[in-house]
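Here are the chains, one letter per residue:
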Amino acid sequence: MAQSLLTIRLARPHDAEAVASVHDLSWREAYRGIIPGRELERMVERRGPAWWETAISRGSRVAVLDFDDRIGGYVTFGVNRLSASPYQGEIFELYLLPEFQGLGFGRRLFQAARKDLNARRLDGLMVWSLSANERACSFYEKLGGRKVRRRVADRDAELVRVREP
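Being a predicted model, the structure only gives us computed values, none of them experimental.

Some thoughts on the pattern of salt bridges
So, step 1. With the rule as written, the count across this model stands at 9 salt bridges.
So, step 2. For the salt bridge of R9 with D66, the shortest nitrogen-to-oxygen distance reads 3.1 Å. With R9 in strand β1 (residues 6–10) and D66 in strand β2 (residues 61–67), this pair connects stretches of sequence that are 57 residues apart.
So, step 3. Judged by relative accessible area, R9 falls into the buried class, the value being 15%.
So, step 4. Residue D66 is classed as buried on the basis of its relative accessible area of 9%.
So, step 5. We note a salt bridge from R47 to E93, for which the minimum N-O separation is 2.3 Å. Here R47 is found in the loop between α2 (37–45) and α3 (49–57), whereas its partner E93 is found in strand β4 (residues 89–96), with 46 residues between them in sequence.
So, step 6. Under the relative-accessibility criterion, E93 is labelled buried at 9%.
So, step 7. Salt bridges sharing common partners tie together R9, D15 and D66.

Laid out in structure tokens, this is it:
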């Protein structure tokens, strides 16, 4: 009987190509029909392997879901970018390849990021989600998130989802 190995770990520079691939595929799948095609492609193209390698090498908090040496998802997180907020931590992105969705891996990535933020004494957690991305909004609500702020962007309204410690 074969056993699979699943780990969640901080990304290393050599993971950049795999993280970029997850980003590309998951963004296209998540935002098709929400973000206009050309704009979505421009957004995806800005985050290629070189961008990810630089971010990881500079110490950005990027954790990956490593499943039998295949990167199936990632989460980026750190200090909340909204300084006036009572929530000190923020999850910037959490994406999985489509075949890894709905299996509890997103929850595990979320929990790993939250644990890291708590260890760094960043109280409270905020997540921005496009309101039209109903799947993401539902995901964060199931994790205990609640709407606390709305911001109107050029293309859509965004909601803040919070998970308190």
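Further notes follow.
Describing helix α5 (residues 134–142)
So, step 1. Buried residues of α5: A136, C137 and Y140, and no others. Taken down its axis, α5 places every buried residue within 100° of arc, on the same side. Of the exposed residues in α5, the ones pointing more than 90 degrees away from its buried face are E134 and K142.
So, step 2. Positive backbone phi, at 100°, marks G144, one or two positions downstream of α5.

Thresholds, definitions, all that
Residues numbered from 1 in each chain as written. Predicted model: local features only at pLDDT ≥ 70, side-chain atom pairs only at ≥ 80, totals over all residues. Heavy atoms only, no water. Salt bridge = Lys/Arg side-chain N within 4 Å of Asp/Glu carboxyl O. Helix = DSSP H or I, 4+ residues; strand = E, 2+ residues; numbered from the N terminus. Buried < 20%, exposed > 50% of the residue type's maximum accessible area, 1.4 Å probe, protein only. Arc of directions from axis to C-beta.

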